[in-house]
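Fold and contact review
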Amino acid sequence: VQFRVKSTSEKLGNLVVLLNNGKIYDNIPPEEVKIPVDFVGKFFKGKNTLKFQATPNSKYDIENLAIIISKKS
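For the structure given in this document, a descriptive report is provided here. Note that the coordinates shown come from a computational prediction; the quantities given were computed from them, not determined experimentally.

Take the pairing of strand β3 (residues 22-27) next. In the case of a regular strand, side chains alternate between the two sheet surfaces. Two strands pair when backbone bridges link them, and strand β2 (residues 15-19) and β3 are joined in this way by five bridges, in the antiparallel orientation. When the bridges of β3 are listed, Leu15 appears paired with Asn27. Adjacent in sequence and paired antiparallel, β2 and β3 are bridged by two residues, among which Asn20 carries a positive phi angle near 50°.

The strand order β4-β1-β6 describes an open sheet built from three strands, whose pairing is antiparallel. Of all the strands in the sheet, just β4 (32-34) and β6 (60-66) have a single pairing partner and so form its edges. Shown here is a sheet whose adjacent strand axes are inclined to one another by a mean of 25°, direction ignored. Two elements, strand β1 (residues 2-7) and β4, share three bridges in a ladder whose sense is antiparallel. Bridge assignment links Arg4 to a residue of β4, and that residue is Glu32.

Rules used throughout
- Residues numbered from 1 in each chain as written.
- Predicted model: local features only at pLDDT ≥ 70, side-chain atom pairs only at ≥ 80, totals over all residues.
- Heavy atoms only, no water.
- Pairing = 2+ DSSP bridges.
- Helix = DSSP H or I, 4+ residues; strand = E, 2+ residues; numbered from the N terminus.
- Axes fitted to C-alpha atoms, helices over the stretch in contact; angles between N-to-C directions.

Here is the structure:
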């Protein structure tokens, strides 16, 4: 999972990213974020949900979101 982040608030807080309600990122994001998800058990067959949450009084714009899926040999 990778994306660009732009803060739109004066106070920087953590950005939390959840994959199927499991936390995969929780930090003050840099301008560009890359989150490797190596554990196949975090994905479901069929529908998967990716959620973004910011701590109170923090606001972020997410741009150029990409989800790259590859199978390891």
